[in-house]
Amino acid sequence: MPSTNKKKQKQGRDTAVQGTNDSSVVSKVSAAAQGYFEDVYLQHFVCKVARRAPLINRGYYVRCRAVDHCVKRFLQITKDCPKRQILSLGAGFDSLYFKLHADGALNRAVVFEVDFSDVTRRKAALITSNVTLRKMLDSNLPAPTGPVNISSSQYQLLGVDVREEPQVEKALGAAGLDHTSPTLILSEVVLTYMETQWSDAVISWAAKFLPQSLFLMYEQIHPSDPFGRVMQDHFKKLNSTLHALQQYPDTAAQRQRFLDKGWEQCVCLDMNDFYLGLVPEEERSRVESLEPFDEYEEWHQKCSHYFILSASRGSLTAQALLSYPAVSPLPSISPSLGPVALSVRTIPLSMEGLGMASTLMSPDHVLLTGGSSKGGRGALTSVLHRSHNGWKSVCVEPSGDLGVRLYHTGTSLPGGGVMVFGGRSSPLNPVKSLFKVTLDPCNIVKLCMEQVVCTGDSPPPRWRHTLVFFSTDKDFLFVFGGKNESERVLGDGAFLSLDQNHWTEVPVEGAAPEARLSHSACSYQGGVVMFGGLDRRGVPLGDTVVLRPTESGFCWERIEVHPPPVPRYSHSAHVIGEKLIVFGGVWLHPDGVPGVVVINLATCSSMEFTLDTTSVPWPLMLHSFCSELLDPEEAEVLLIGGGGNCFSFGTHFNPQPVIVDLKPALDLNQQTSQRMN
């Protein structure tokens with residue numbers, strides 16, 4: 001009985017894995033239909049075309065681009081060989097053979113596809129019943145025998161379990177595979193569904209069986225960070241556990257895996273490195289203009305959790321290895337970690353949202369505006385109120401309607417009130433109105449909302465910008481950066497004089513910071529201190545820039561911080577004395593996720609701190625969130641909302657606010673500053 005149950009469980013898992021093929025091919029068809037790449041053959045393998053979200057389309061684009069890059073390289077290197085082969089393991093409904101055949105790229109080449117027999121039988125039926133596909137095979141096909149579902153001179157479709165090494169060898173031999181000829185072995189998200197001992201065995205077997213070969217693999221990495229946990233949970237729910245992640249959690253471990261299993265050379269890149277380093281800028285610009293897009297955080301995290309790997313056996317195929325980018329698109333900066341992790345505790349309050357704006361209206365009142373949640377986007381406004389019983393969310397009665405807004409700003413004004421500026425309802429619809437929101441001091445339920453009419457040349461509408469209040473001889477709001485529906489990134493700054501609500505021309509000297517979005521900016525010494533953001537190339541920034549007041553106006557000044565903080569964006573920041581405290585965000589560094597970095601503006605030094613989230617029972621995603629410094633003396637910061645659409649794995653919302661205790665970081669930074677002095 002136990003063996004029978006185990007067999008049924010294995011069959012159930014195998015069936016679930018086969019189901020991932022159906023979902024994958026629909027997503028590839030969607031990306032092709034939107035112009036991300038050309039493939040007129042995929043559509044013949046789906047019953048109905050469905051349009052996926054832009055994030056899904058981009059994700060499948062970069063996957064197909066990476067595989068195509070490596071396949072073309074292999075075929076180019078082996079073009080003079082009398083015979084070359086492509087062996088696709090777990091091929092599913094891939095259309096590779098038909099694309100290469102149509103391009104005339106299979107001269108003296110044969111494509112072998114191996115997958116579960118249920119999959120190959122379905123694929124064979126689709127091919128032989130479709131006029132377009134059938135005419136790309138030999139005119140007289142032999143009847144299927146044994147594991148061979150289709151046998152054509154340049155295409156062999158075999159129904160064999162990849163884990164069954166003897167049967168695979170026998171079937172390939174019968175189908176005409178020559179183990180001495182140069183062979184490209186292709187595995188797209190296949191081996192990780194096997195238990196690791198089996199996937200390791202396949203990698204070792206291929207190295208021994210095919211001495212002149214190139215192994216190409218696309219799979220997942222980084223299982224332990226918040227995105228990785230959501231990713232793993234998704235596949236577990238589908239009964240398709242990702243097995244190899246635990247033993248081989250990153251690109252370095254995957255590379256060593258292949259070297260240990262008999263491969264002579266190996267190159268492994270995560271998809272951020274591939275996309276930014278090996279896809280030409282012109283092609284990236286084309287792709288990024290295909291659909292309205294505003295999911296940068298999720299895009300970068302998806303790319304950081306997948307890799308493309310090539311490993312070689314033999315001198316000829318070594319020439320077809322992936323190349324490392326000639327110039328790394330990302331600075332090689334490792335975090336300078338402090339010796340302590342900062343504690344994080346949850347607030348027993350149900351509150352979620354992405355792209356909200358928060359404003360501290362008093363030590364015990366936080367205004368929240370806009371954003372989106374599981375209920376969708378809405379003209380949401382609420383107040384978090386702290387009493388001796390703790391925090392609670394208060395439903396308010398606004399006198400007006402802010403409209404749907406995401407990635408806007410809410411900035412405290414002198415004498416009370418909040419200026420709500422910018423945002424968007426969709427990536428094609430920026431919000432143009434400017435509102436002043438005031439809390440009734442006698443009744444926190446009552447909110448007065450007044451649309452502000454300004455004179456002067458107003459800056460273009462935008463979102464993912466910053467808006468900071470500061471005071472010199474006049475009170476100003478200063479807006480910088482962001483994006484809108486026509487500009488991918490904005491690099492302009494504008495001053496709103498509050499005494500007349502007039503957009504004012506103010507002399508600014510010095511080299512302006514480069515254009516950016518999702519950066520941070522805080523009031524500092526009568527001006528502004530700005531950090532990080534995402535630049536025009538889609539690469540995070542790590543610079544610290546100060547806008548200082550001068551006798552005639554203002555001047556930009558860049559601060560050289562050592563050690564330099566790891567570049568990031570979609571973070572939040574606050575100033576305590578001479579220290580800029582940066583929370584969370586997204587970086588493209590391979591290790592972990594951003595916690596807190598303390599930048600000492602007086603000593604131009606920095607130190608990174610991890611967050612101790614052991615008391616947080618859910619993945620804490622610190623991007624698209626907001627934060628408030630509750631009390632500089634207590635050194636506690638309230639983090640609200642955050643999360644994101646985790647590719648096709650579902651949307652994660654941080655369900656509760658959390659509080660970060662900064663005291664250990666500030667104390668350590670102070671001690672370090674004293675030693676430096």
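This one's a predicted model, so the numbers in the text were calculated from it and none came from an experiment.

**Here's the deal with the overall build of the protein chain**
Helix and strand counts for the protein chain stand at 14 helices and 42 strands. Here the protein chain has a C-alpha radius of gyration of 28 Å; the compact-globule value for 677 residues is 26 Å, and the two agree. Each principal axis of the C-alpha distribution contributes one length, and for the protein chain these read about 85 × 55 × 55 Å. Counting across all 677 residues of the protein chain, residues that qualify as buried make up 58%. Across the protein chain, the fraction of contacts at a sequence separation of at least 24, relative to all contacts at a separation of at least 6, is 66%.

**Quick look at the sheet that holds strand 10 (residues 357-362)**
With respect to topology, four strands assemble into an open sheet ordered 10-11-14-15, the strand pairing being antiparallel. Where the open sheet ends on each side, the last strands, each with one partner, are strand 10 and strand 15 (390-395). The mean inter-strand angle of the sheet, taken between neighbouring strand axes irrespective of direction, is 25°. Examined bridge by bridge, strand 10 and strand 11 (residues 365-369) share five bridges and lie antiparallel to one another. When the sheet's bridge partners are listed, Ser362 is paired in strand 11 with His365.

**A few points about the domain arrangement of the protein chain**
For the protein chain, the domain assignment lists domain 1 (2-319) and domain 2 (342-674). Summarising the inter-unit geometry, the C-alpha centres of domain 1 and domain 2 are found 42 Å apart. Tallying the contact residues gives 28 residues for domain 1 and 35 residues for domain 2. Together, the buried faces of domain 1 and domain 2 total about 2800 Å²; carbon and sulfur atoms form 61% of this surface. When the buried area of domain 1 at its contact with domain 2 is split by residue, Asp294, Tyr296 and Glu297 rank highest and sum to 23% of it. Linking domain 1 with domain 2 are four salt bridges. Residues Arg464 and Asp294 are paired through a salt bridge, measuring 2.7 Å at the closest nitrogen-oxygen approach.

**Concerning empty space enclosed by the protein**
Picture a little ball the size of a water molecule; that probe, rolled over the atoms, points out where space is still empty. The final tally for this structure, using the stated rule, is two cavities of 30 Å³ or more. Put simply, the largest cavity is a space of about 110 Å³. Lining the largest cavity, in full, are Lys28, Phe37, Asp39, Leu42, Cys64, Val67, Asp68, Asp94, Ser95, Leu96, Lys99 and Glu188. For the lining of the largest cavity, the secondary-structure elements that each account for two or more residues are helix 2 (54-77) and helix 3 (96-102). At three residues, the largest contribution of residues to the lining of the largest cavity is made by helix 2. Of the residues assigned to the lining of the largest cavity, the class counts are five nonpolar, one polar and six charged. Around the second largest cavity, the lining residues are Ser334, Pro335, Ser336, Pro563, Pro564, Pro565, Ser606, Met607 and Glu608. Partitioned by chemical class, the residues of the lining of the second largest cavity number five nonpolar, three polar and one charged.

Conventions and cut-offs
Residues numbered from 1 in each chain as written. Predicted model: local features only at pLDDT ≥ 70, side-chain atom pairs only at ≥ 80, totals over all residues. Heavy atoms only, no water. Helix = DSSP H or I, 4+ residues; strand = E, 2+ residues; numbered from the N terminus. Rg over C-alpha atoms; globule rule 2.2 N^0.38 Å. Buried < 20%, exposed > 50% of the residue type's maximum accessible area, 1.4 Å probe, protein only. Contact = heavy atoms within 4.5 Å. Pairing = 2+ DSSP bridges. Axes fitted to C-alpha atoms, helices over the stretch in contact; angles between N-to-C directions. Domains from an automatic or database assignment. Buried area = accessible area lost by both parts, 1.4 Å probe. Salt bridge = Lys/Arg side-chain N within 4 Å of Asp/Glu carboxyl O. 1 Å grid on protein atoms, 1.4 Å probe; cavity = no way out; pocket = protein on both sides within 12 Å on 5 of 7 lines; lining within 4 Å. Points joined across faces, edges and corners; volume = space filled by probe spheres on them. Nonpolar A, V, L, I, M, F, W, Y, C, P; charged D, E, K, R; others polar.

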